[in-house]
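Overview (structure and organization)
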Amino acid sequence: MKKITYLLMVLAVAFIAVSCEKEPLRQPAEGPGQDEVVPEEDEVVLEQLYGFWTRTVESEDTITNMEWRFYEDGYSLRMRESYEGDRLLSFSSGRYDYKFEDGKFYVKEYRDDEWCVWDYTILGDSLTLSRESDGNSIVWTFVRTEDANDILVGCWDSSYTNGNGDRVEHHYKFHTPTYGSVYDIVYDGSGSSKVNFLYEFRYRIEGDKIVFKRYSTTGYALPECSIAYRLEGTKLYLSEGNGGETMYSNFYKENNIPFRP
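The following refers to the structure shown. No experiment lies behind these values; they were computed from the predicted model shown.

Remarks on the overall build of the chain
- Secondary structure summary: the chain contains 3 helices and 16 strands in total.
- On the chain, roughly 13,900 Å² of surface is accessible, and the fraction owed to carbon and sulfur atoms is 48%.

A look at the sheet that holds strand 13 (residues 209–215)
- Read around the closed barrel, 8 strands run 9-10-11-12-13-14-15-16, paired in antiparallel fashion. Across the sheet, the mean angle from the axis of one strand to that of its neighbour is 35°, orientation sign disregarded.
- With 7 bridges joining them, strand 12 (residues 193–206) and strand 13 adopt antiparallel strand pairing. When the sheet's bridge partners are listed, R204 is paired in strand 13 with V211.

Some words on unusual backbone geometry
- In this structure, D73 is a non-glycine residue whose phi angle is positive, near 65°.
- Structurally, D73 can be placed in the loop between strand 2 (62–70) and strand 3 (75–84).
- Owing to a relative accessible area of 67%, D73 belongs among the exposed residues under this scheme.
- For N256, which is not glycine, the phi torsion reads 55° and is therefore positive.
- Here N256 lies in the segment after helix 3 (251–254).

As for the packing of aromatic side chains
- All chains considered together, the criterion is met by 24 aromatic pairs.
- Pairing F100 with F105 gives two aromatic rings, centres 5.1 Å apart and planes at 50°, and the pair type is tilted.
- A residue is classified by how much of its surface remains accessible, and F100, at 10% relative accessible area, is buried.
- For F105, a relative accessible area of 2% gives the class buried.
- Taking the centre distance of 6.3 Å and the plane angle of 15° together, the rings of Y172 and F174 count as stacked.
- Using a relative accessible area of 4% as the deciding quantity, one classes Y172 as buried.
- Through successive ring pairs, a cluster of aromatic residues spans W68, F70, Y96, Y98, F100, F105, W118, Y120, W140 and F142.
- Lying over the aromatic face of Y96, R78 brings its terminal NZ or CZ to 4.1 Å of the ring centre.
- The ring of Y106 carries K99 above its face, with NZ or CZ at 5.5 Å from the centroid.

Calculation criteria
Residues numbered from 1 in each chain as written. Predicted model: local features only at pLDDT ≥ 70, side-chain atom pairs only at ≥ 80, totals over all residues. Heavy atoms only, no water. Helix = DSSP H or I, 4+ residues; strand = E, 2+ residues; numbered from the N terminus. Areas by Shrake-Rupley, 256 points an atom, 1.4 Å probe, with all protein chains shown as cover. Pairing = 2+ DSSP bridges. Axes fitted to C-alpha atoms, helices over the stretch in contact; angles between N-to-C directions. Buried < 20%, exposed > 50% of the residue type's maximum accessible area, 1.4 Å probe, protein only. Phe/Tyr/Trp six-rings, centres within 6.5 Å; stacked < 30°, edge-to-face > 60°. Lys NZ or Arg CZ within 6 Å of the ring centre and 35° of its normal.

Here it is as structure tokens:
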């Protein structure tokens, strides 16, 4: 019973904390990819959409980066960040459902009811989405991009007892090969629990180190930090400055549960 309760809790947290093996992005179908897609061929569009797309917009004062990963079954992950010089203006990430119907692209935030409708064009490695909103024309152009190393994608946790005698599960959730989040699940003596969200982060792998750029709850980026790591199957060992390694377990992979942020 304790195992079942723990399983249900971890699955619930997967929806609360905004994501051990990532479902791989499906590669676009080979063929006449350099020709514009015929809007009515919705299935062909899906084959060409799967993968990783990026978009960067620069103005005189700001830079905005967007990442969009399209998986099968109408599931996608999108991230957006804006900077003014070195100062972070905004950061957001989340899951979005999508579909193609009657030559249109439909997208909505996960658990939302309203679909946003876009016109689209896929031409080679370029994806253009456009629509009208309040009398203004919105045009987004993305470029198909090679993704980063995905070996850490998944949710990793390690347990300890805090000063109050409560059991704490510390989680690193690598949503994608480039960003993730950190949170704790605290279990008190009565058996109840709560989730403490700590921060979101961008990351990259450099040799045997993970380089983190953390975002605080106020939205500002904290200084980069690096942590040495070692990966052995479903165990991730992090040298977090305590004089040794902390072992984190991949609960999803160990229990054959599909991982989705």
